[in-house]
Amino acid sequence: MYWRLSNLYFWFFALLGGLLPYWSLYLEGQGFSYLQIATLMATIQLTKVVAPSVWGWLGDRTGQRVRLVRFGAITGSLFFAGVFLEPGFYGLLLVMFAFTFFWNAILPLYEVITLRVLGSKKERYGKVRLWGSVGFIGAVALVGGLLELVPIRYLPWLLLPVFAGIAVSAFLVPSERGERKEPAPKGSLKAIVTHPAVVAFFLMNFLLQVSHGAYYTFFSIHLEQHGYGKLSIGLLWSLGVIAEIGLFLVMHRLSTRFTVRQIVLGSLVLTMIRWGLVAELTGLVPVLIFAQLLHAASYGALHAVSVQYIQGFFGKHHHGQGQALYSGLTFGAGGALGAWMSGFLVDGYSTSAAFWGGAVAMAVAILVTWRGLQPPPKEA
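Rules used in this analysis
Going along each chain's sequence as written, the residues are numbered from 1 onward. pLDDT decides what is reported in this predicted model: residues at 70 or higher carry local features, side-chain atom pairs at 80 or more are listed and counted, and totals for whole chains, interfaces and linings draw on all residues regardless. Each side-chain value is worked out from all heavy atoms of the structure, with water and hydrogens disregarded. Here, nonpolar core refers to any group of buried Ala, Val, Leu, Ile, Met, Phe, Trp, Tyr and Cys residues whose side-chain atoms link them within 4.5 Å. Accessibility here uses a 1.4 Å probe with only protein chains present; expressed as a share of the type maximum, an area under 20% marks a residue as buried, one over 50% as exposed, and anything in between as partly exposed. Contacts: residue pairs with any heavy atoms within 4.5 Å of one another. Strands are runs of DSSP state E lasting at least two residues, helices are runs of H or I lasting at least four, and both sets are numbered from the N terminus onward. Lines are fitted to the C-alpha atoms to define the axes, a helix being fitted only along its stretch in contact, and any angle between axes, read from their N-to-C directions, falls within 0 to 180 degrees. Oblique is the label for any angle not under 35 degrees, not over 145, and not in the 65 to 115 range, which are roughly parallel, roughly antiparallel and roughly perpendicular in turn. Two helices cross in a left-handed way if the nearer one is turned anticlockwise from the farther one by less than a right angle. They cross in a right-handed way if the turn is clockwise. Between 30 and 60 degrees the pair is tilted, below 30 it is stacked and above 60 it is edge-to-face, where a pair is any two Phe, Tyr or Trp rings, Trp via its six-membered ring, whose centres lie within 6.5 Å.

## Notes on the nonpolar core
With 119 residues, the main nonpolar core has Trp23, Leu27, Trp103, Trp237 and Leu268 as its most contacted residues. Contacts of tryptophan 237, omitting those with residues within four sequence positions, involve Leu20, Pro21, Phe136, Val140, Tyr215, Tyr216, Phe219, Ser220 and Gln292.

So, in structure tokens, the structure goes:
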């Protein structure tokens, strides 16, 4: 099951690797304004507010998570085909909403599937998940190299093989028996989400994703403005994910040496430093390389801690809904708000101003974490 579990992570994040670094450049090439680019990029995150909760509820209700993953993979791919019609801003906005509503259902469901399969060996999660990072790096490098040879308008065509890989890998995971879970204690979900430590956890992650809005929306444009080519842009994106892979490989050791609170606070401080370096010292290649290596903290460490945090607090009755809330409230609402706000900052000032906005969000997140974050229960 190790390779079957890893395979979908590989293709899912390969699509992200082909999409995130270059989609804003594709939209710029299509003639959209910075605010329009920010709005279109925000849809990738915005549908995470609703979609994972809907699909997570269905997964918990029916136990048919694998079938739902397959349905999301096929349906999302079909809606993405609307991009080839070149429907203009509002048409593309509708296509992006429809595509991401189904596509964003895949990962939260699959995280639950993976942890259920791993059982008591949850420390192996990082070794399974790192293949997503490998897929991301491979796609970034390959697509970046191809875009040095062909115009950016061909990007949607370059992504088609990755969609096929996602669909095929979704059918390699064996179907579940469809057992329904036993009823949860009445009021238990409300008690969990109103727990002060859980509120602090979600607020910290919300601010973290707000800070990433400029990165996912304008990092490639920011680099292009400073004279970097598409292959160089792709390699810098890949470098961040390489650092993430290294972190996943040693995360189990860090977890035994440091507390959750120490890991989270340290990662938030490093993330704040990262955005300041990107804002002001983009032209210095060694500094930019160091800033990208800090992706190990700003995504790798915080995501690994968060996945286990969700399981610890939400337990077996609400694990799927907890994972959906994590995806929706943080990557969804936080990511969408960050992307949209960064569009205003770039349109009114500069791309550097958007990254400084991310640094300010991190300062607030550090304060929230310092005051409210507690370790999750050992057993749930």
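## Some remarks on unusual backbone geometry
In this model, glutamate 86 sits at a positive phi of 50°, which is unusual for a non-glycine residue. Along the chain, glutamate 86 turns up in the loop between helix H4 (65-80) and helix H5 (88-103).

## Examining the packing of H4 against H5
As a packed pair, H4 and H5 sit with axes 7 Å apart at the nearest point and diverge in direction by 165°. Considered as vectors, H4 and H5 are oriented roughly antiparallel to each other. Here H4 and H5 pass one another in a crossing that is left-handed. Contact residues: Phe71, Gly72, Thr75, Gly76, Phe79 and Phe80 in H4; Val95, Ala98, Phe99, Phe102 and Trp103 in H5.

## Quick look at the packing of aromatic side chains
Across all of its chains, the model carries 29 aromatic pairs by this definition. Judged by centre distance (6.0 Å) and plane angle (80°), the rings of tyrosine 34 and phenylalanine 218 are edge-to-face. Here the residue tyrosine 34 occupies a position in helix H2 (residues 34-46), and phenylalanine 218 occupies one in helix H11 (residues 213-225), the gap between them amounting to 184 residues. When its relative accessible area of 25% is taken as the criterion, tyrosine 34 is described as partly exposed. Judged by relative accessible area, which is 0%, phenylalanine 218 ranks as buried. Judged by centre distance (5.2 Å) and plane angle (65°), the ring pair of phenylalanine 80 and phenylalanine 99 falls under edge-to-face. One end of the pair, phenylalanine 80, is in helix H4; the other, phenylalanine 99, is in helix H5, with 19 residues separating them in the sequence. Residue classification places phenylalanine 80 among the buried positions, given a relative accessible area of 1%. Here the aromatic cluster, defined as three or more aromatic residues joined through ring pairs, consists of Phe12, Phe13, Trp23, Tyr26, Phe80, Phe84, Phe99, Trp103, Trp157 and Phe163.

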